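Here is what each chain is made of, one letter per residue.
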Amino acid sequence: MGSSNQKKRIIGALSLVTSTVFLGGCGLGAEAEEQGREIGSAIACALVNCTNSDTMIVSDITASYFVTQKNGQVSIGAFFGQTANVLTTVAITGGDALSAAVDNQPVTFQATPTFGSPYTARVADASLQPVASINFVRGVTSYTSTVTLPPSFSMLSPTRVVNVGKSTGNLVVQLSIPTTTNVQGTINGSCNRADGSNFVISDPIPVSVTPVPNTNNNFAMATADIDSQVNYAGQTANAQGVSNKSPVTTCALQVDWQTQVSGVVSPSFYKASRILGIQSVENQVNYDARI
């Protein structure tokens, strides 16, 4: 139990200095200031093991790729670790390189100067079912992973911001896919606590989604689950890892409803490697835990 809690504290502290759109990996966004990048890198490497890809054999590299289509854009997040060690992060260095393509259109990864956040790439693509390939390149050899995303879908309702309370019971949406589809959910946004403080959920956190019985395409997210997740996030979203157990009162949330499919990852990587294709739609929610 102690070891598990220690890992949670380390990972939680790491996220404070390396939060991005995605979870894990290497590199900060271009908007970060140079000083912030340097501090973030130093703290990140003090908390986890940092290593360079060109010092490793490919079979020891764990690649995790996430390809998401949302709002007419395809985003790629690429993260690298060492075998099954969750506390080791790997940077692409030396002669190693990354490349990608979406529907045969080349995509350029952004520079990633800091350990602790992902390699990212984006391209406009509104096709109904994009096909993506990601290449880890060493010398003349490309280790290619591919995925065909699930078919795109849309949100039929609601079409505007929704107000829900903890006692509402369920946040219900109508999607353009049948309830036999496996749908998953995440939330992120900003929240206020009862003591007057506030915090931001920058890394999306998962919330269970269930189909609504006797409907064709309605899906629900329990408001009790939303409350539990935002309060857990609120207890750890503080500098120096100081816990704040003051309960959440209100949140402005972005709720993402997603379908996922696994692709084919290069067999040369470590066995835990994966590539996921994700379709995502969102709605905005004002959450009030007091009602």
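Note that the coordinates shown come from a computational prediction; the quantities given were computed from them, not determined experimentally.

## Description of the packing of aromatic side chains
And then number 1: For the structure shown, the criterion picks out eight aromatic pairs.
And then number 2: When the centroid spacing of 6.5 Å and the interplanar angle of 70 degrees are considered together, the rings of Tyr65 and Phe269 count as edge-to-face. Here Phe269 lies in the loop between β17 (248–262) and β18 (274–288) and Tyr65 lies in strand β2 (residues 61–70), a separation of 204 residues in the sequence.
And then number 3: On the basis of relative accessibility, which here comes to 0%, the residue Tyr65 falls in the buried class.
And then number 4: Judged by relative accessible area, Phe269 falls into the buried class, the value being 4%.
And then number 5: Among the aromatic residues, ring-to-ring pairing joins Tyr65, Phe80, Tyr119, Phe136, Tyr143 and Phe269 into one connected group.

## As for the pairing of strand β12 (residues 170–175)
And then number 1: On β12, burial follows the alternation: Leu171, Val173 and Leu175 on one face are buried, whereas Asn170, Val172 and Gln174 on the facing-out side are not.
And then number 2: Taken together, the two bridges between strand β10 (residues 155–157) and β12 define a ladder with antiparallel strand orientation. Among the inter-strand pairings, Met155 is bridged to a residue of β12, identified as Leu175.
And then number 3: Sheet topology note: the β12/strand β16 (residues 218–222) ladder contains five bridges and is antiparallel. Residue pairing across strands places Gln174 opposite Asn218, the latter belonging to β16.

## Observations concerning helix α3 (residues 223–236)
And then number 1: Here α3 is 14 residues long and its end C-alpha atoms lie 20 Å apart, about the 20 Å a rise of 1.5 Å per residue gives.
And then number 2: When α3 is considered as a whole, its buried residues turn out to be Thr223, Ile226, Asp227, Val230, Asn231, Ala233 and Gly234. Seen along its axis, α3 keeps its buried residues to an arc of 160 degrees; they face one direction.

## What to know about the side chain of Ser280
And then number 1: Checked against the element boundaries, Ser280 lands in strand β18.
And then number 2: According to the relative accessible area criterion, Ser280 is buried, its value standing at 4%.
And then number 3: Polar contacts involving the side chain of Ser280 include one to the side chain of Asp256, which spans 2.9 Å.
And then number 4: Excluding residues that lie within four positions of it along the chain, Ser280 makes contacts with Thr68, Gln69, Lys70, Asp256, Trp257 and Gln258.

## Here we look at the confidence of the model for the protein chain
And then number 1: Scored by pLDDT, the protein chain comes out at a mean of 85, with 80% of its residues at no less than 70.
And then number 2: Between residues 1–43, whose pLDDT stays under 50, and residues either more than four places distant or in other chains, the model counts 86 contacts.

## Section: the sheet that holds β16
And then number 1: Sheet architecture is open: four strands sit in the order β10-β12-β16-β15, paired in antiparallel fashion. A single partner strand is all that each edge strand has here, and the edge strands are β10 and β15 (210–211).
And then number 2: Docked against the sheet, α3 engages β12 and β16, running at close to 45 degrees with respect to β16.

## Digging into the pairing of strand β8 (residues 131–138)
And then number 1: Burial runs high along β8: six of the eight residues are buried.
And then number 2: Sheet analysis places strand β5 (residues 97–102) next to β8, joined by six bridges and oriented antiparallel. Looking at β8, one finds that Val102 is bridged to Ala132.
And then number 3: Pairing analysis gives eight bridges linking β8 to strand β9 (residues 141–148), with the strands arranged antiparallel. Among the inter-strand pairings, Val137 is bridged to a residue of β9, identified as Ser142.
And then number 4: Counting the residues in the hairpin turn of β8 and β9 gives two residues, including Gly139, whose phi is positive at 65 degrees.

The rules behind the values
- Residues numbered from 1 in each chain as written.
- Predicted model: local features only at pLDDT ≥ 70, side-chain atom pairs only at ≥ 80, totals over all residues.
- Heavy atoms only, no water.
- Phe/Tyr/Trp six-rings, centres within 6.5 Å; stacked < 30°, edge-to-face > 60°.
- Helix = DSSP H or I, 4+ residues; strand = E, 2+ residues; numbered from the N terminus.
- Buried < 20%, exposed > 50% of the residue type's maximum accessible area, 1.4 Å probe, protein only.
- Pairing = 2+ DSSP bridges.
- Expected span 1.5 Å × (residues − 1).
- Arc of directions from axis to C-beta.
- Polar contact = N/O pair within 3.5 Å; in protein donor to acceptor, adjacent residues only side chain to side chain.
- Contact = heavy atoms within 4.5 Å.
- pLDDT = per-residue confidence, 0-100.
- Axes fitted to C-alpha atoms, helices over the stretch in contact; angles between N-to-C directions.

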